[in-house]
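An overview of the molecular structure
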Amino acid sequence: MRIDKFLWSIRFYKTRTIATDEIKKNRVSIGESVVKSSKEVKEGDVIKIRKNQIDYKIKVIQIPKSRIGAKLVPLHIKDVTDKEQYELLKMRKMSQDYYRIKGEGRPTKKDRRDMDDYVENDIASDFTDWDDFFGEKNADDSDD
């Protein structure tokens, strides 16, 4: 099976086109050599894939006939990626979760919506009948 089709069938990439583009960008290799999309994959090959700034390594156990379900992927490949790579991925995700210091910079869309909700709720709770407030209702009744 072609390597682009294989990477798509084991759900490493969402579409075959994306897999082909990544191969053209030299992000996929078998052994130490960079491959083309037409390279045939064999059982026992170790494929190195650079994705999201992480170097994944997978060993081909079995070639699927077509795209397989996510639960069946471990029957066809074995993940032999270094633990350090997963630690790097974890650190990157943690650093992306960092949010700007409160009060610094321009409000985000979420901040703006939160402020608008707060102001609307505050106005709704403080709303009084203006006629009662200024006593106009009682003034009209006394003229009769």
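This text goes with the structure placed above it.
First things first, this report covers the structure right here in the doc. (Residues numbered from 1 in each chain as written. Predicted model: local features only at pLDDT ≥ 70, side-chain atom pairs only at ≥ 80, totals over all residues. Heavy atoms only, no water.)

Regarding the overall build of the chain
- Counting its secondary structure elements, the chain contains seven helices and five strands.
- When the helices and strands of the chain are listed from N to C terminus, the series reads α-α-β-β-β-β-α-β-α-α-α-α.
- Looking at the 144 residues of the chain, the share that counts as buried comes to 24%.
- Within the chain, residue pairs in contact and separated by at least 24 positions form 40% of the contacts whose partners lie at least 6 positions apart.
- In the structure as shown, the chain presents an accessible area of about 11,300 Å², 52% of it carried by carbon and sulfur atoms. (Helix = DSSP H or I, 4+ residues; strand = E, 2+ residues; numbered from the N terminus. Buried < 20%, exposed > 50% of the residue type's maximum accessible area, 1.4 Å probe, protein only. Contact = heavy atoms within 4.5 Å. Areas by Shrake-Rupley, 256 points an atom, 1.4 Å probe, with all protein chains shown as cover.)

Side note on the pairing of strand E3 (residues 46-51)
- Relative to E3, strand E1 (residues 28-30) is paired through three bridges, and the arrangement is antiparallel. Along E3, the bridge assignment pairs Ile30 with Ile47.
- With six bridges joining them, E3 and strand E4 (residues 54-60) adopt antiparallel strand pairing. Paired with Ile47 across the two strands is Ile58, which belongs to E4.
- The loop that links E3 with its antiparallel partner E4 comprises two residues; one of these, Asn52, has a positive phi angle of about 55°. (Pairing = 2+ DSSP bridges.)

Description of the packing of aromatic side chains
- Under the defined criterion, the tally for this structure stands at three aromatic pairs.
- Consider the rings of Phe12 and Tyr13, whose centres lie 5.7 Å apart with planes at 70°: the pair is edge-to-face. The two residues Phe12 and Tyr13 agree in class, both being buried.
- Judged by centre distance (5.5 Å) and plane angle (80°), the ring pair of Phe12 and Tyr56 falls under edge-to-face. A residue pair is termed long-range when its members are at least 10 positions apart, and Phe12 in the loop between helix H1 (3-9) and helix H2 (16-24) and Tyr56 in strand E4 qualify at 44 residues. Exposure class is identical for Phe12 and Tyr56. Each is buried.
- The rings of Phe12, Tyr13, Tyr56 and Tyr86 are connected pair by pair, giving a single aromatic cluster. (Phe/Tyr/Trp six-rings, centres within 6.5 Å; stacked < 30°, edge-to-face > 60°.)

A few points about the pattern of salt bridges
- With the rule as written, the count across this model stands at six salt bridges.
- Between Arg16 and Asp4 there is a salt bridge; the shortest N-O distance is 3.6 Å. With Arg16 in helix H2 and Asp4 in helix H1, this residue pair connects regions lying 12 residues apart in the sequence.
- In this structure, the salt-bridge partner of Glu32 is Lys48, at a minimum N-O distance of 2.7 Å. Linking Glu32 in the loop between E1 and strand E2 (33-34) with Lys48 in strand E3, this pair joins segments that are 16 residues apart in sequence.
- Under the relative-accessibility criterion, Glu32 is labelled exposed at 71%.
- By relative accessible area, which is 24% here, Lys48 ends up partly exposed.
- Salt bridges here are not isolated pairs; linked through shared partners, they connect Arg2, Asp4 and Arg16. (Salt bridge = Lys/Arg side-chain N within 4 Å of Asp/Glu carboxyl O.)

Concerning H2
- For H2, every residue scored as buried is listed here: Ala19, Thr20, Glu22 and Ile23. Buried positions in H2, seen along its axis, are confined to an arc of 160° and lie on one side of it. Opposite the buried face of H2, by more than 90 degrees, sit the exposed residues Thr17 and Lys24.
- Looking at the buried positions of H2, the neighbouring elements they touch are H1, E1 and E3. (Arc of directions from axis to C-beta.)

Functional significance is not addressed by these values, which are geometric in nature.
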